[in-house]
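Chain by chain, the residues run as shown.
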Amino acid sequence: MTRKVSLKIKFNLFLVFLLLGASFILTTVFIDIHKKSFLSLLENEFQYQINELSTYLDFQDELRKERRKKINFDEDVYESFKKHTHTKKIDGNGQIIVFNKKGDLLIHSTDEGKNVSQEFYVNKILSSNIKENTFHFKDLKDFTNKYAIYKYHETYGIYLCLLVDWKVATAPVTKMRTVILVSFLIASLLIIIFFNLFFKSFHTSVISIYRTMKSFVNADYSNKIKLGNTKEFYEISTELDSFKNYLLQNINFAQNISNGKLDLSFQPINKNDLLGLSLIKVRDNMGSAKEEQERRKIEDEKQNWLNKGLANFSDLLRLHNSDLKKHSDIIVQNLVSYIGANQGAIFIANKDDVNATYLEMISAFAYNTLKYIQKNIPLGEGLVGTCAIEKRTIFLKEIPENYIEITSGLGYANPRCILIVPIKMEEEILGVVEIASFKVFEKHEIYFVEKIMESFASTLSSAKINAQTANLLKRFELQNEQMKNQEEEMRQNMEELNAIQEDAEALKIELTREIDLIANTILICEYFRMAR
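Presented here is a report on the structure given in the accompanying data block. (Residues numbered from 1 in each chain as written. Predicted model: local features only at pLDDT ≥ 70, side-chain atom pairs only at ≥ 80, totals over all residues. Heavy atoms only, no water.)

A word on the pairing of strand β6 (residues 343-350). Most of β6 is tucked away, with eight of its eight residues classed as buried. Neither face of β6 is open: one carries Gln 343, Ala 345, Phe 347 and Ala 349, the other Gly 344, Ile 346, Ile 348 and Asn 350, and all of them are buried. Two strands pair when backbone bridges link them, and β6 and strand β12 (residues 428-437) are joined in this way by six bridges, in the antiparallel orientation. Among the inter-strand pairings, Phe 347 is bridged to a residue of β12, identified as Val 432. (Buried < 20%, exposed > 50% of the residue type's maximum accessible area, 1.4 Å probe, protein only. Helix = DSSP H or I, 4+ residues; strand = E, 2+ residues; numbered from the N terminus. Pairing = 2+ DSSP bridges.)

The next subject is the pairing of strand β7 (residues 358-366). Most of β7 sits out of view: seven of its nine residues are buried. Bridge count for β6 against β7 is eight bridges, and the pairing is antiparallel. Looking at β7, one finds that Gly 344 is bridged to Phe 365. In this structure, β7 lies alongside strand β9 (residues 376-378), joined through three bridges in antiparallel fashion. Note on β9: the bridge partner recorded for Glu 360 is Asn 376. Of the pairings in the sheet, the one linking β7 to strand β8 (residues 369-371) comprises three bridges and is antiparallel in character.

A few words now on the nonpolar core. Counting 31 residues, the largest nonpolar core has Leu 335, Ile 346, Val 449 and Met 453 as the members making the most contacts within it. If you list the elements that add at least two residues to this core, you get α8 (274-316), α9 (324-338), β6, β7, β11 (417-425), β12 and α11 (443-531). For this core, the leading source of residues is α11, giving eight residues. Once you skip the residues sitting within four places of it in the chain, Val 449 turns out to touch Leu 335, Ile 339, Leu 419, Val 421, Val 433 and Ile 435. Residues Leu 57, Ile 149, Leu 160 and Trp 166 belong to the second largest nonpolar core, which totals 18 residues. (Core = buried A, V, L, I, M, F, W, Y, C linked by side-chain atoms within 4.5 Å. Contact = heavy atoms within 4.5 Å.)

A separate point is unusual backbone geometry. In this model, Asn 129 sits at a positive phi of 60 degrees, which is unusual for a non-glycine residue. Its location among the elements puts Asn 129 in the loop between α3 (120-128) and β3 (132-139). The backbone phi angle of Lys 391 is positive, close to 60 degrees, even though this residue is not glycine. As for its placement among the helices and strands, Lys 391 is situated in the loop between α10 (382-390) and β10 (394-396).

This part takes up the packing of aromatic side chains. Enumeration over the complete set of coordinates arrives at 13 aromatic pairs. Aromatic pair Phe 135 and Phe 137: ring centres 5.9 Å apart, planes at 45 degrees, arrangement tilted. Using a relative accessible area of 8% as the deciding quantity, one classes Phe 137 as buried. The structure contains a cluster of three or more aromatic residues connected by ring pairs, namely Phe 99, Phe 120, Tyr 121, Phe 135, Phe 137, Tyr 150, Tyr 152 and Tyr 159. (Phe/Tyr/Trp six-rings, centres within 6.5 Å; stacked < 30°, edge-to-face > 60°.)

Any functional reading would require information beyond the geometric quantities listed.
Laid out in structure tokens, this is it:
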């Protein structure tokens, strides 16, 4: 019982101070707003009065111009203007004063004709050289705050000034402040009485809130929260239900995180929800760790795929490297299959023609079948020729229409990407490989093709050297055989020449003998003739 009375007293004291403070603040704010509005209207009214007097003088000046007569202010204008000012009603205990540049009062309720140039407000007006202005000042005679608004009339050289006692002018506002403050105090007392009547219900609801919060502390969320019948406690009940749901949501989210469910969305209450933000951070960190693990797994799979492919092709590159055509068929067939492409072709640089080097298609593979196509491409022509000239890899994702000429039995479909890699050995172009695929190649697949072509370039260079060596050996053997044939032919010719020479020698001996015989016969005949 003591706790209830103590709580009630404290609540009442708090409510009294709260209402008094609120009353004072609201009264002050309201009065300030009303005062500003009232003073603005009051100043506008004073400004209107001065402008109306100035307009009256302008009208007198117009009359003077119509009469073509110079009239000073101290003549006809003075009397008519003085009557006009005395008929003006000024709110706020105000009076209209007219004085010239010397400070002489031309129109005044009591001191007309007196020089007041030393008066504060007159001195300030005369020394400022401002034709029209408004200001507040304290009158040292009676220490009252006054308000002055003035305007200088050029035609007559006089100042029209309106002086108002500011306290009298703002008296309605001060009176209103007191009325409003008393009204707020009465309303505050009524509110205190009203709150005391409903304090019992309030106390019961507070105890219910305490028990509810205690159950939350003990992690008991099974009880349904019910607090009073008023709107405020209904809202508190709703907020506590929301808080319970929020705690259950956080618990559920934490359980999902612990079970590895990191793709569930979760929205914190606001930027100050440290629990929710911490859970999101834990989820994001676990998600980042999982993504990093998956990324490393993918990188490892790519590296394993790359290493396995390089190992397999290192064995393939040693097969049939003496037969360039068969070796190229094996390479392009396995390369297209391993990287999951659809078509591929190997072009070899043919330098047999001394006038022009061209790329000759030596092997083609498409849709799991070797193709036998004859095709020559000059250097610099098309993508393949450009690749050979520029000696760099070309990778295209936008394929021109009708670029691929090889089709399957199911029809024609333009590939999604083209990969063209040069086959070069120490900047010497030995050929080009062209691969087309319906899937877009990844970087590691392009790198794999480039590495295979580097190894294939070595094999191709060795094969070319072996082919050149074999051709030279074959030519040497052919020349050697030709030389042997020529040597045998020369030997036979020499034997025939020797035989002819021997026949000629025998014939010469026979002829010599016959000649000698004939000569002897002639000598014998000559002897017998002479002997007779």
